[in-house]
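What follows is the residue order along each chain.
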Amino acid sequence: MAMNIRKGFRFSKYEAPNQTPFEKLFEIFKELITHTSGDVEEALDWLRELDKEYELTDENYTIDDFIEDLKAKGFLREEFKDGGGDGAGEGEGDLSITAKMERVIRQAALDQIFGKLKRSGSGNHKTGKSGRGDEHTGEFREYRYGDGLEHISMTESLKNAQINHGMDSFTLSEDDLVVEDTQYKAQMSTVLMIDISHSMILYGEDRITPAKKVAMALAELITTRYPKDTLEILVFGNDAWPIPIKDLPYLKVGPYHTNTVAGLQLAMDMLRRKRNTNKQIFMITDGKPSCLRMPDGTYYKNSVGLDDYIVEKCYNMARQARKLHIPITTFMIAKDPYLTQFVRHFSEANNGKAFFTGLKGLGEMIFEDYEQNRRKRLKG
């Protein structure tokens, strides 16, 4: 009697892997602390509100228990102010995140943004040019004048000598030598420009948090996967200034206009100091250039439309970067037709690239462009 076996897929409600109460809350807290720019009290207030609505904790593990665990594990520190008393009081101090927590936030951003993309473990990219490089390919070729002795494969060379000259008397000539082929690793110096003008939080849309996450993820990617590469970050509003990677979680927008020229000037100054490396600029912005700092220290500002004077200064900076072999990739978080036209002309002046995108997929696009640029020689 034949049995009728039913085949197919069985679907059930997804259940997350077993997590401890701390791990469950920690995942949420990492997201909240990024949105609040490192403000611990605000993040905890949000966490308590979420707890009320979704019952994240119970009597066995409370938010207060979670805070104590954060301190015990080295993610939070409590700083007590001198109140002038006898020191016997039980007052509460100000909570702030530690360097360990800053690193965890960067790692979380990397996993969140780039986690779905396949990563190799080699730690470097190849240029596609073989010769006297520094990365082994596993392939062999004949010895050429000028090849370093350290690249000669003695095993393969001795084998050739035996084949060519026989076993009776050992002879090794230059024609027997075999070299393991190598490829150059392209070292990359990148400056990431982040627009922190007021428009990054206008119209009810938080644009600075995704930009901040991308910066943290890129920083973590480069320091862990491409340690020979460099990443420097600058922010630009009315002026431009560099910020250390450790300050990224605390980044906020300000009441600023958009001085794109100042950002580009600083980026090129940073890259001029780099020697024997490929160079590039990534710029994340959502607004039009609307500000310039004049030679006398005053500011020329115009938020109405595209100001021809400011725009031409931007084009001049793009051309200067092109002469220095510094391509600029612009990630435009806006799709206004007149802004799109400006960015296209800007990219043409630099021979760079532009991506017109919303916030979704911004990180993946930057990752892909970084990977692509690492595979080719950008200079010359």
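The name given to the protein chain in an unreviewed UniProt entry is VWA domain-containing protein, and the organism recorded there is Sediminicola luteus.

J.: Explain helix α5 (residues 154-165) residue by residue, including any values.
T.: With 12 residues, α5 should reach 16 Å at 1.5 Å per residue; the first-to-last C-alpha distance of 16 Å fits that figure. Positive phi appears at glycine 166, one or two residues downstream of α5, with a value of about 90°.

J.: Break down the sheet that holds strand β12 (residues 328-332) for me, with residues and values.
T.: Read from one edge to the other, the open sheet built from six strands follows the order β8-β7-β6-β9-β12-β13, with strand pairing classed as mixed. Edge positions in the sheet fall to β8 (240-243) and β13 (353-356), since each of these pairs with one other strand and no more. Strand-to-strand, the axes of this sheet are offset by a mean angle of 20°, without reference to chain direction. In the sheet, strand β6 (residues 188-195) pairs with strand β7 (residues 230-236) via seven bridges, with the strands oriented parallel. Counted as the bridge partner of serine 189 is threonine 230 from β7.

J.: I'd like a rundown of the packing of helix α8 (residues 308-323) against helix α9 (residues 337-350), residues and numbers included.
T.: In the contact formed by α8 and α9, the axes pass within 7 Å of each other and the chain directions differ by 30°. When the interaxial angle is binned, α8 and α9 end up roughly parallel. For the element pair α8 and α9, the recorded crossing hand is right-handed. Facing α8, whose interface residues are Val311, Cys314, Tyr315, Ala318, Arg319, Ala321 and Arg322, α9 presents Phe342, His345, Phe346, Glu348, Ala349 and Asn350. Looking at the contact of α8 with α9, its residues break down into eight nonpolar, two polar and three charged.

Cut-offs and rules
Residues numbered from 1 in each chain as written. Predicted model: local features only at pLDDT ≥ 70, side-chain atom pairs only at ≥ 80, totals over all residues. Heavy atoms only, no water. Helix = DSSP H or I, 4+ residues; strand = E, 2+ residues; numbered from the N terminus. Expected span 1.5 Å × (residues − 1). Pairing = 2+ DSSP bridges. Axes fitted to C-alpha atoms, helices over the stretch in contact; angles between N-to-C directions. Parallel < 35°, antiparallel > 145°, perpendicular 65-115°, else oblique. Left-handed = near helix turned anticlockwise from the far one by under 90°. Contact = heavy atoms within 4.5 Å. Nonpolar A, V, L, I, M, F, W, Y, C, P; charged D, E, K, R; others polar.

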